[in-house]
Amino acid sequence: NIESYWRLDKTTTDFIARARYLDPMIVQPEEWSNNKNGGYITTKNSVVLGKNKHHDGDQALDVLNILQKIDWSLDPRILNIEEESKKPLNTLEKKKAFTLMTSISKQVYKEMLQQGNRFFLAWKMDFRGRVYSDGYYINLQSNSYRKAMLEFTKKQLIAG
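Residues numbered from 1 in each chain as written. Predicted model: local features only at pLDDT ≥ 70, side-chain atom pairs only at ≥ 80, totals over all residues. Heavy atoms only, no water.

Undergrad: I'd like a description of the sheet that holds strand S3 (residues 71-74), backed by residues and values.
TA: Strand order in the open sheet formed by three strands is S4-S3-S7, and the pairing between neighbours is antiparallel. What marks the edges here is a single partner per strand, and that holds for strand S4 (119-120) and strand S7 (150-152). Of the pairings in the sheet, the one linking S3 to S4 comprises two bridges and is antiparallel in character. Within S4, the residue paired with Trp72 across the bridge is Phe119. (Pairing = 2+ DSSP bridges. Helix = DSSP H or I, 4+ residues; strand = E, 2+ residues; numbered from the N terminus.)

As structure tokens, this is what we get:
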């Protein structure tokens, strides 16, 4: 085991525990107009994911802009089911980390519901052109539980 000589005070550890990745947006993300301008309104960074991967070459920004116009909501039936870990929680650290992650997740879900249960996801792409929804607690490319909780806000019956 590696143990640090440094200990953080309670105020700092509490602040870190409350810090989180950017949530979904309750307004439409800004349209991508170039490789550095779009998505989240409050932060500006590259449309291309990955450290040192940014470039100004052509990207399918129109695809990202279409995806960013889709409004989502949470399925309350799924939210009534407890999220389970897919990995064994065989150490105290793993149990604490999972509990913290689910606790923050529930807070994000609660906030989305309080805001009217309608939100948008910002989108980016990797250097190969694959698209990814930005976010951690609510994300289309997450685990089964988190994918199951997402639904289109505008529902439409499709008959064949």
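Still more to cover.
Undergrad: Give a description of helix H4 (residues 92-114) that names residues and reports values.
TA: Between its first and last C-alpha, H4 extends 33 Å over 23 residues, near the 33 Å set by a 1.5 Å rise per residue. Taken together, the buried positions of H4 are occupied by Phe98, Met101, Thr102, Ile104, Ser105, Val108, Tyr109 and Met112. Remark: Gly116 follows H4 within two positions and exhibits a positive phi of approximately 105 degrees. (Expected span 1.5 Å × (residues − 1). Buried < 20%, exposed > 50% of the residue type's maximum accessible area, 1.4 Å probe, protein only.)

Undergrad: I'd like a rundown of a nonpolar patch on the surface, residues and numbers included.
TA: On the surface, a nonpolar cluster with roughly 340 Å² of combined accessible area is contributed by Leu8, Phe15 and Ile16. As for its placement among the helices and strands, Ile16 is situated in helix H1 (residues 10-18). In this structure Ile16 comes out as partly exposed when scored by relative accessible area, which is 48%. (Patch = residues over 30% accessible without salt bridge, like charges linked within 9 Å, V, L, I, M, F, W, Y side chains within 5 Å. Areas by Shrake-Rupley, 256 points an atom, 1.4 Å probe, with all protein chains shown as cover. Salt bridge = Lys/Arg side-chain N within 4 Å of Asp/Glu carboxyl O.)

Undergrad: Which residues make up the nonpolar core, and what values do they have?
TA: Leu64, Leu74, Phe119, Ile138, Met149 and Leu150 are the most contacted members of the largest nonpolar core, which has 22 residues in total. Within the residue set of this core, elements represented by two or more residues are helix H2 (61-68), S3, H4 and strand S5 (123-125). Ignoring any residue separated from it by four or fewer positions in sequence, one finds Phe119 in contact with Pro24, Met25, Ile26, Ile70, Asp71, Trp72, Ser73, Leu74, Met112, Ile138 and Leu150. (Core = buried A, V, L, I, M, F, W, Y, C linked by side-chain atoms within 4.5 Å. Contact = heavy atoms within 4.5 Å.)

Undergrad: Account for the environment of Ile66, with residues named and values stated.
TA: Among the secondary structure elements, Ile66 is positioned in helix H2. Along the backbone, Ile66 and Lys87 are 21 residues apart, and their C-alpha atoms lie at a distance of 35 Å.

Undergrad: Explain the pattern of salt bridges to me, using residue names and the numbers behind them.
TA: Scanning the model with the defined rule gives 13 salt bridges in all. Asp134 is the salt-bridge partner of Lys124, the closest N and O atoms lying 3.9 Å from each other. Of the two residues, Lys124 sits in strand S5 while Asp134 sits in the loop between strand S6 (131-133) and helix H5 (144-148), which places them ten residues apart along the sequence. Judged by its relative accessible area of 9%, Asp134 falls in the buried class. Between Asp126 and Arg128 there is a salt bridge, with the nearest N and O atoms lying 2.4 Å from each other. Shared partners join several salt bridges into a network, and the residues in it are Arg20, Asp23 and Glu111.

Undergrad: Could you give an account of the pairing of S3, with specific residues and numbers?
TA: Side chains Asp71 and Ser73 project from S3 onto one buried face, and the interleaved Trp72 and Leu74 project onto a second face that is buried too. Pairing of S3 with S7, which is carried by three bridges, proceeds in the antiparallel orientation. Bridge pairing in S7 links Ser73 to Glu151.

Undergrad: Go over the packing of aromatic side chains, please, and point to the residues and values.
TA: All chains considered together, the criterion is met by two aromatic pairs. Ring geometry for Trp72 versus Phe152: centroids 4.9 Å apart, planes at 25 degrees, classification stacked. Taken together, the positions of Trp72 in strand S3 and Phe152 in strand S7 put the pair 80 residues apart, joining distant regions of the chain. Between Tyr136 and Tyr137, the ring centres sit 4.9 Å apart and the planes meet at 90 degrees, which makes this aromatic pair edge-to-face. Judged by relative accessible area, Tyr136 falls into the partly exposed class, the value being 43%. Taking relative accessible area as the criterion, Tyr137 reaches 7% and is therefore assigned buried. Stacked on the ring of Phe127, the Lys or Arg Lys53 has its end atom at 4.6 Å from the ring centre. Directly above the aromatic system of Tyr136 lies the positively charged group of Arg146, at a separation of 5.9 Å from the ring centroid. (Phe/Tyr/Trp six-rings, centres within 6.5 Å; stacked < 30°, edge-to-face > 60°. Lys NZ or Arg CZ within 6 Å of the ring centre and 35° of its normal.)

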